Structures are given as structure tokens and as C-alpha cells.
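Structure assessment
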Amino acid sequence: MAMGETPITITGNLTGDPELKFTAGGAALAKFTVASTPRTFDRETNQWKDGTAAFFRCAAWRQLAEHVAESLGKGTRVVLSGRIRQHNWQTPEGETRSMLAVEVDDIGPSLQFATATVQRAQRTTPTPADTDPWAGVATQPAGNGPAQTDSDQPPF
């Protein structure tokens, strides 16, 4: 987190399923809204009362975005940490507009009223064989020995 950024932690419920998109450069982006509603206990009526809900528009990037889209859905109670960002733009009429949003650094299901099973995600870092089209192709060693391959199968 850079100096001067505004950190925030939110506990609330997703108002809809996360929307997963990809940028032209291939980066994953998940957008979703979290509603956080304070509750207080009224001793006179002996009941819980909901306060005014606050709605936070959130964005998660890259692998976190993919995990959010795969793991969380509408109604899921979550705990997230991130940074408040202000976005400014101009309307076609020339009016300046702005909004606050949360750039999510970490998020997970709240375990206060639920359970969850955690499954470690597999890393998607490519191996040399994934990026080298010639990996496994027969090579001729120095000398008179037979050609050697990484497997017994022909490369093509």
C-alpha cells in the first residue's frame, strides 16, 4: 500500500454474483458490490434492528479476481480489505463526476455464521516446457550415441 492511501476493512454481503471481465492486455477484473448493514439490539422491543445499509462498489484484479468469481456468489457474507479509490470523469455534457470505490487487496467468506472449505489454488506460472515449443524434441549428442528425447514419444 502506498503512502497516503486510505485502507478499509468491510464486512458485508455480496449484492450479486461477481462480474468477471478481462482487459485487452489479458488481466482479469472482478467487479462486485458489498452491502454492509449495521445492526443494533433494541432492549425495549427485545429485537434486532437494521440500520441504513452502505453499498461499496469493489474491484479485484488478476488472480484474486478469478478466485473471487469462482468462489463467491450473491448473498455470501465476506470480509475484505482494500483501499478506497476516487474515480473522476466527465460526462458527455461536460459535467465533472466522481465516485469512491474499493480496490480489493484480500477477501474471503465470513465464518461468523457459516463454514468454508479451503482449497489451495494451483499456480499458473508457465514451465519452460509450456513456453518452449521445442522442449522434448530429439537432440543429437556429441559423438556417435543415439538421439535423446525427454520422452519416448516422437515430438510431432
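Higher on the page you've got the structure.
Not measured: the values here are computed from a predicted model. (Residues numbered from 1 in each chain as written. Predicted model: local features only at pLDDT ≥ 70, side-chain atom pairs only at ≥ 80, totals over all residues. Heavy atoms only, no water.)

Some thoughts on the packing of aromatic side chains
Per the counting criterion, the structure on display carries one aromatic pair. Consider the rings of phenylalanine 41 and tryptophan 48, whose centres lie 5.3 Å apart with planes at 65 degrees: the pair is edge-to-face. (Phe/Tyr/Trp six-rings, centres within 6.5 Å; stacked < 30°, edge-to-face > 60°.)

Side note on the pattern of salt bridges
For the structure on display, the rule yields nine salt bridges. The closest approach of N and O atoms between arginine 83 and aspartate 105, which form a salt bridge, is 2.5 Å. In this pair, arginine 83 is assigned in strand 7 (residues 77-90) and aspartate 105 in strand 8 (residues 96-109), connecting sequence segments 22 residues apart. It is possible to trace a salt-bridge network through shared partners that takes in Glu5, Arg83, Arg85, Glu103 and Asp105. (Salt bridge = Lys/Arg side-chain N within 4 Å of Asp/Glu carboxyl O. Helix = DSSP H or I, 4+ residues; strand = E, 2+ residues; numbered from the N terminus.)

Considering the pairing of strand 4 (residues 39-42)
One ladder, built from four bridges, connects strand 4 with strand 5 (residues 47-50); its direction is antiparallel. Along strand 5, the bridge assignment pairs aspartate 42 with glutamine 47. The hairpin formed by strand 4 and strand 5 contains four residues between the paired strands, and asparagine 46 there has a positive phi angle of roughly 60 degrees. (Pairing = 2+ DSSP bridges.)

So, the nonpolar core
Counting 17 residues, the largest nonpolar core has Phe32, Val34, Leu80, Val104 and Ile107 as its most contacted members. Counting residues per element, the ones that place at least two in this core are strand 1 (6-14), strand 3 (28-36), strand 6 (54-61), helix 1 (62-71), strand 7 and strand 8. Leave out the neighbours within four places in its chain, and leucine 80 touches Ile8, Thr9, Ile10, Phe32, Val34, Cys58, Val102, Val104, Asp106 and Ile107. (Core = buried A, V, L, I, M, F, W, Y, C linked by side-chain atoms within 4.5 Å. Buried < 20%, exposed > 50% of the residue type's maximum accessible area, 1.4 Å probe, protein only. Contact = heavy atoms within 4.5 Å.)

Considerations on the environment of threonine 96
Position of threonine 96 among the secondary structure elements: in strand 8. Discounting chain neighbours no more than four positions away, the residues touching threonine 96 are Trp89 and Gln90.

Notes on the environment of glutamate 5
Topologically, glutamate 5 is positioned in the segment before strand 1. The spatial distance from the C-alpha of glutamate 5 to the C-alpha of arginine 83 is 6.6 Å, given a sequence separation of 78 residues. If near-sequence neighbours (up to four positions away) are discounted, glutamate 5 is found in contact with Arg83 and Arg85. A distance of 2.8 Å separates a polar atom in the side chain of glutamate 5 from a polar atom in the side chain of arginine 85. (Polar contact = N/O pair within 3.5 Å; in protein donor to acceptor, adjacent residues only side chain to side chain.)

A word on the layout of surface pockets
Approximately 630 Å³ is the volume found for the largest pocket. Around the largest pocket, the lining comprises 22 residues; the ones closest to its centre are Ser71, Pro109, Thr117, Val118 and Gln119. Elements supplying a minimum of two residues to the lining of the largest pocket: helix 1 and strand 8. In terms of residue count, the dominant contributor to the lining of the largest pocket is helix 1 (five residues). A volume near 240 Å³ is recorded for the second largest pocket. Lining the second largest pocket, in full, are Thr11, Gly12, Asn13, Ala35, Ser36, Thr37, Arg39, Trp48, Asp50, Arg77, Gln112 and Phe113. Broken down by secondary-structure element, the contributors of at least two residues to the lining of the second largest pocket are strand 1, strand 3 and strand 5. Across the lining of the second largest pocket, the residue classes tally to three nonpolar, six polar and three charged. (1 Å grid on protein atoms, 1.4 Å probe; cavity = no way out; pocket = protein on both sides within 12 Å on 5 of 7 lines; lining within 4 Å. Points joined across faces, edges and corners; volume = space filled by probe spheres on them. Nonpolar A, V, L, I, M, F, W, Y, C, P; charged D, E, K, R; others polar.)

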